[in-house]
Structures are given as C-alpha cells and as structure tokens.
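Spelled out, the chains give:
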Amino acid sequence: MFTTAVAGQLADLIRQGRTYTVPKGEIVLSTEDNKSLQMVKEGYIKRYQITNTGNISIQSIYGPKEVFPLTYVFRLLFNKSIYSGPETYYYEAMTRTSLYSLDGGALVEAIKTDPLLYGDLLLVAADRFQSNIHQLENISLGISYTRVAHQLWFFANKFSEKKGDSAKIKIPLTQQDMADVLSTTRETVSLCMSQLRKKKLIKTGKYISVPSIEKLKLEAFEAR
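Fair warning: this is a prediction, and the values are worked out from it, not measured in the lab. (Residues numbered from 1 in each chain as written. Predicted model: local features only at pLDDT ≥ 70, side-chain atom pairs only at ≥ 80, totals over all residues. Heavy atoms only, no water.)

Student: Help me understand the packing of helix α2 (residues 70–78) against helix α3 (residues 104–113), please; the structure alone is not making it clear to me.
Tutor: Pairs of packed helices are described in terms of their axes, by the angle between the two and the distance that separates them. Where α2 contacts α3, the axes come no closer than 11 Å and their chain directions differ by 55°. Judged by the angle between their axes, α2 and α3 are oblique. In terms of crossing hand, the pair formed by α2 and α3 is right-handed. Of the residues in α3, those in contact with Y72, V73, L76 and L77 of α2 are G104, L107, V108 and I111. (Axes fitted to C-alpha atoms, helices over the stretch in contact; angles between N-to-C directions. Helix = DSSP H or I, 4+ residues; strand = E, 2+ residues; numbered from the N terminus. Parallel < 35°, antiparallel > 145°, perpendicular 65-115°, else oblique. Left-handed = near helix turned anticlockwise from the far one by under 90°. Contact = heavy atoms within 4.5 Å.)

Student: What am I meant to see in the packing of aromatic side chains here?
Tutor: For the structure shown, the criterion picks out 11 aromatic pairs. A connected cluster of aromatic rings, assembled from ring pairs, spans Y44, F154, F155 and F159. The ring of Y89 carries R47 above its face, with NZ or CZ at 4.1 Å from the centroid. (Phe/Tyr/Trp six-rings, centres within 6.5 Å; stacked < 30°, edge-to-face > 60°. Lys NZ or Arg CZ within 6 Å of the ring centre and 35° of its normal.)

Student: Mind showing me how you'd approach the pairing of strand β9 (residues 160–163) here?
Tutor: For a regular strand, side chains alternate in direction, first toward one face of the sheet and then toward the other. Inspection of the sheet shows β9 paired to strand β10 (residues 166–169) by four bridges, in the antiparallel sense. Across the sheet, the residue bridging to E161 is K168, located in β10. The hairpin formed by β9 and β10 contains two residues between the paired strands, and G164 there has a positive phi angle of roughly 65°. (Pairing = 2+ DSSP bridges.)

Student: What's the story with the nonpolar core in this structure? I'm lost.
Tutor: Side chains that are nonpolar tend, in soluble globular proteins, to be buried together. In terms of nonpolar packing, the biggest core is built from 33 residues, with I61, L152, F155, I169, I171, L173 and L196 touching the most fellow members. Mapped by element, the contributors of at least two residues to this core are β5 (56–62), α5 (144–158), β10, α6 (175–182), α7 (186–198) and α8 (213–222). The element best represented in this core is α5, accounting for eight residues. Residues in contact with F155, not counting those within four places in the same chain, are I61, S160, I169, I171, L173 and M178. By size, the runner-up hydrophobic cluster in this structure holds 19 residues, among which are I14, V73, L102 and I111. (Core = buried A, V, L, I, M, F, W, Y, C linked by side-chain atoms within 4.5 Å. Buried < 20%, exposed > 50% of the residue type's maximum accessible area, 1.4 Å probe, protein only.)

Student: How should I be thinking about the pattern of salt bridges in this particular structure?
Tutor: Pairs can form between side chains of opposite charge once their charged atoms are near each other. The final tally for this structure, using the stated rule, is 10 salt bridges. Close ionic contact of R15 with D12 constitutes a salt bridge, the shortest N to O distance being 3.0 Å. One end of the pair, R15, and the other, D12, are both in helix α1 (residues 8–15), three residues apart, so they sit about a helical turn from each other. Judged by its relative accessible area of 36%, R15 falls in the partly exposed class. The salt bridge involving E109 is made with K112; its shortest N-O contact spans 3.4 Å. Here E109 and its partner K112 are both found in helix α3, three residues apart, which amounts to about one turn of the helix. By relative accessible area, E109 is classed as partly exposed at 45%. Overlapping salt bridges bring together E66, D127, R128 and K158 as one network. (Salt bridge = Lys/Arg side-chain N within 4 Å of Asp/Glu carboxyl O.)

Student: Can you walk me through the pairing of strand β4 (residues 45–50) in this structure?
Tutor: Counted residue by residue, β4 has five buried out of six residues, so it is predominantly covered. Note: β4 against β5, six bridges, orientation antiparallel. Following the sheet pairing, Y48 is matched in β5 by I58. If you look at the hairpin formed by β4 and β5, you'll find five residues sitting between the two strands, and G54 has a positive phi there, around 90°. Where β4 lies against strand β7 (residues 89–93), five bridges are found, and the strand directions are antiparallel. Considered in β7, the bridge of Y48 is made with Y90.

Student: I'm lost on α5 in this one. Help?
Tutor: Owing to its 3.6 residues per turn, the α-helix brings residues three or four apart onto one side. Compared with an ideal rise of 1.5 Å per residue, which puts 15 residues at 21 Å, α5 spans 21 Å between its outermost C-alpha atoms and is within 8% of the ideal. Burial analysis of α5 places 14 of its 15 residues in the buried class, the great majority of the element. (Expected span 1.5 Å × (residues − 1).)

Student: Is there a simple way to think about the packing of helix α4 (residues 117–141) against α5 in this case?
Tutor: Packing of α4 against α5 leaves a shortest axis separation of 8 Å and a crossing angle of 160°. It follows from the interaxial angle that α4 and α5 lie roughly antiparallel. The two elements α4 and α5 meet at a crossing, and its hand is right-handed. The segment α4 lies against α5, with D127, S131, H134, E137, N138, I139 and L141 engaging T146, R147, H150, Q151, F154 and K158. Of the residues in the contact of α4 with α5, the class split is three nonpolar, six polar and four charged. (Nonpolar A, V, L, I, M, F, W, Y, C, P; charged D, E, K, R; others polar.)

Below is the structure:
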C-alpha cells in the first residue's frame, strides 16, 4: 500500500553524486546547513526536532531509495520556503547508513537539460504527502492504543519484508523511537505494545513482526 516513489531518472541522477556512509547516531545534516539532495542507499534516517521541553519529536523516517530533504528542493528550484519557523530539524542515522548526495547546482543544471525530472520530483513529493496524511490520520485516532497500532501498520506496509499478509519491520525500532514518533511517553508505548502482543497482533525482538497486516489494520481503525 505504501511504496517509495523514486522514479528512475531522478534516482540515476542522484547516484552520480558522491557516496558516503555514516554510523548509527550520527547527524547527516540539518535544515541550517543543507545544500544538497540525499538518497538513502542502505539503512534508515530519522528527521526530528528538539522541542522546547528537550524532548525529541520525529516527523519522518526515510529508508532505501527515499529522497530528502524536499524543503531544500522547493527553495532551490522555486524560491519557495516550505517552513519559515525558528526550529532546526536534524537528519540522523538510525542504523549504519549509506547515502548518495547530489549538489544542488548539479540538480539545477540537470533539470535545465531534462525538464521531465520535474515529474520524478512530483512523485517523491507525493510519497511525502502520503506520509503526512498518515500522520494527520494518526493524530485524529486520539486513543494511544489505536495510534500505536496504526503507526505499526504503516511501518509494516512501508519498511518491511513481507510474506503474504505477514511482515517483519526492518527498522530497529525502540519503544522510545515509537514514543518520539507519536509524541507520547515510552511507558505509554510499552503498555500499548504489551496489549498488542497479548492479542498476538505483533511479536517483538530485535525487529517487530506483524503476523497479519490486515488484522493490525482492523485493530487500528476499529478498536476505539
């Protein structure tokens, strides 16, 4: 259901940039210092801000073939500022991660030569739009238990190894990561995941497994 929409020409272009690897926990870039377009080759990146209370709020997670940050692209190509607030957003490696990096100038020159690249960027923007709609829907669910189920259902669709209706989420998610994604406490997430385990809707370990994606979806939308 949730797929990564990086079209071929844009991906090929970004691969012409430099390749580098960052260890787990290292900041890849921030919204204050970025002048390039990134694409994940292997691993996972989280985008977050540090709130006024000192907590971390995760807005997005990027996996293989995903491109970021689009805010830079809109500013570079259209002189359009997507965010004008004072907060700094950080992109941090959740695992050892390999990336491609394309300088902004190279992107501009490539689009002058091949305007069809705009179509590829639109597909990437649609992918991010889909994730943002999911976030808004998650907030509307209100109850912590359904929000945790809903978020795991999203991850099971987007970042997993699937076999039929079952899935293993490939992000090494901690309960604190889930709490930071949902802007709640680790204790709340722990309680909700315990309930999901008792209902045999998830299995936990190094990775979270979902025996039935469809049953988890029903739990997210019906258990209110």
